[in-house]
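What follows is the residue order along each chain.
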Amino acid sequence: MYKSEQLAQNLKLLIENGTWKAHSKLPSLREQVQRSGFSLITVMNAYQELESQGLIYSKEKSGYFVSEQVTTQIPQTHAVVALNPKIEINSLVFKYLKSIQSKHISPLGSAFPDSQLLYPPKLTQIMGQLSRNRHSYDQTTNLPPGNLELRKLIAQRYCMQGIPTDAEDIVITSGGLEALNLSLQAITQPGDYILLQQTIFYGAWQAAERLGLKVITLPEHPQHGFDIEAFEQVIQTYPIKVCWFMLNAHNPIGFTISDEIKYKIAKLLHEHQIHLIEDDVYEELFYGSQKPFPMKYFDQQNLVLHCSSFSKTLGSGFRMGWVYAGKFSEHIQHLQLMSTISANALIQSALVEFLSHYHYEKHLRMLRRALEKNKKQFFQYLKKYLPKDCKVYNYPSGYFLWIQLPEKVSSMQIYEQLIQRQIGIAPSPLFNVLPSHQHFIRMNCSFEWTEKIQHAVDQFVKIIDNTSLKPSV
């Protein structure tokens, strides 16, 4: 742990245990240097980390103060397990995605980071060089399960996290969503029960609808993110065939589940012999020095199918994903041959060259720093200007902020007004089908703070302000 992280953790405990009260002033930077013995740079980094988490705030020429409340708690939800026998979300998702396609739309509703941060020049250079070689287009060596050298490199990345992996365990796919869909299709039959988190990436709802599955949803825990007691109750009550969870840099809320809870989830999966499809496409977008473990790390019986992708780190144009398929590898390959046949051969070859020479690690370090900086700018601005009855949930990973509106304010209504002004946001009906959970918004905060971005955010704040003031009907 870095010295700044150690200091930030110590100060965080003083806030959480009530030693430092809300709105009380923290010691100045120089006072903290004298107290702690750390350098000025270390103290500044620690304060900035606490500020990015919403634990403290700064006043110009006045110093740092304790925030009124910890904004990194999970949003409160109705602590009930919900049975969703009939899912109808595809039409909503289709209309939404069509509405934000225009290049004139401010892309605060996009699922991808700002393209200015992606498409590393070295990778595009490699693509250009390989494109002049006809052998780079050869599909025969890139058919399922995919380019062997690429699979070896991905397997090495698992091994570096302490997860024994062989290239034969990996199937290359055309993006993370295909990896997830093929995995679900390989395990389930129409009418099977699937367990989802109550608020989850809309691709999970779409896949369940397409395959005719019965969906049970699990509420988020207000403190830990994942309600392990409710999970145990569900798998004892319903014949769950498979779970589809996102536990690292959750989309849309943003939390990462602790290793302790992941271990408990794995133990229950093993006891009940239930498979898990792990959506981990944001795994590389963590802040700090420690990459979070995937559920695959805790899996001792090959029940977890771990799915990830390069598209969130390199760009949607490099749509390349994979699944750690294990015993399902051959079945998934057969399904893939009947749909997309194989992932793009040229991109697979380019990724081999890019990863082999450590260009990817350098790019990831730069990307994480930029995302952390940009997200902090959005968070501070929204905290300052949003109505007081709004809450902004901020976590140290990824590039999304999850914004809770006043209960009487519909996120769909806000979305519809903004899209007319050429501004996109992602309303909560895309992620949660319960009528009681329709006043949340996901905002993409990966963008450099420009005049255009500030104008879009100002319009967002203004519309919420005006809607909040209207009397309830």
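- Taking an unreviewed UniProt entry as the reference, the protein chain is identified by name as PLP-dependent aminotransferase family protein belonging to Acinetobacter haemolyticus.
- Per UniProt, the comment on the protein chain under Sequence similarities (unreviewed entry) is "In the C-terminal section; belongs to the class-I pyridoxal-phosphate-dependent aminotransferase family."

1. Structural notes on the sheet that holds strand 12 (residues 400-404)
And step 1. Here four strands make up an open sheet; going across it, the order is 11-12-14-13 and the pairing antiparallel. Pairing within the sheet leaves two strands with one partner each, and these edge strands are strand 11 (391-393) and strand 13 (426-427).
And step 2. Two elements, strand 11 and strand 12, share three bridges in a ladder whose sense is antiparallel. Residue pairing in the sheet places Lys391 in a bridge with Gln404 of strand 12.
And step 3. Each of strand 11, strand 12 and strand 14 (440-444) is contacted by helix 14 (residues 359-385), which is oriented at about 15° to strand 12, the strand it contacts most.

2. Notes on the packing of aromatic side chains
And step 1. Within this structure, the stated rule accounts for 25 aromatic pairs.
And step 2. Aromatic side chains Phe226 and Phe245 sit 5.2 Å apart centroid to centroid with 70° between the ring planes, which places their arrangement in the edge-to-face category. Taken together, the residues Phe226 in the loop between strand 6 (214-218) and helix 9 (228-237) and Phe245 in strand 7 (residues 240-245) connect sequence positions 19 residues apart. Both residues of the pair, Phe226 and Phe245, count as buried.
And step 3. Here Phe231 and Phe245 contribute two aromatic rings whose centre-to-centre distance is 5.8 Å and whose plane-to-plane angle is 70°, an arrangement assigned as edge-to-face. Note that Phe231 is positioned in helix 9 and Phe245 in strand 7, a separation of 14 residues in sequence. Comparing Phe231 with Phe245, the two get one shared label, buried.
And step 4. Taken together, the ring pairs connect Phe201, Tyr202, Trp402, Phe431 and Phe440 into an aromatic cluster.

Basis of the calculations
- Residues numbered from 1 in each chain as written.
- Predicted model: local features only at pLDDT ≥ 70, side-chain atom pairs only at ≥ 80, totals over all residues.
- Heavy atoms only, no water.
- UniProt positions renumbered as here; feature names shortened; annotations may be inferred.
- Pairing = 2+ DSSP bridges.
- Helix = DSSP H or I, 4+ residues; strand = E, 2+ residues; numbered from the N terminus.
- Contact = heavy atoms within 4.5 Å.
- Axes fitted to C-alpha atoms, helices over the stretch in contact; angles between N-to-C directions.
- Phe/Tyr/Trp six-rings, centres within 6.5 Å; stacked < 30°, edge-to-face > 60°.
- Buried < 20%, exposed > 50% of the residue type's maximum accessible area, 1.4 Å probe, protein only.

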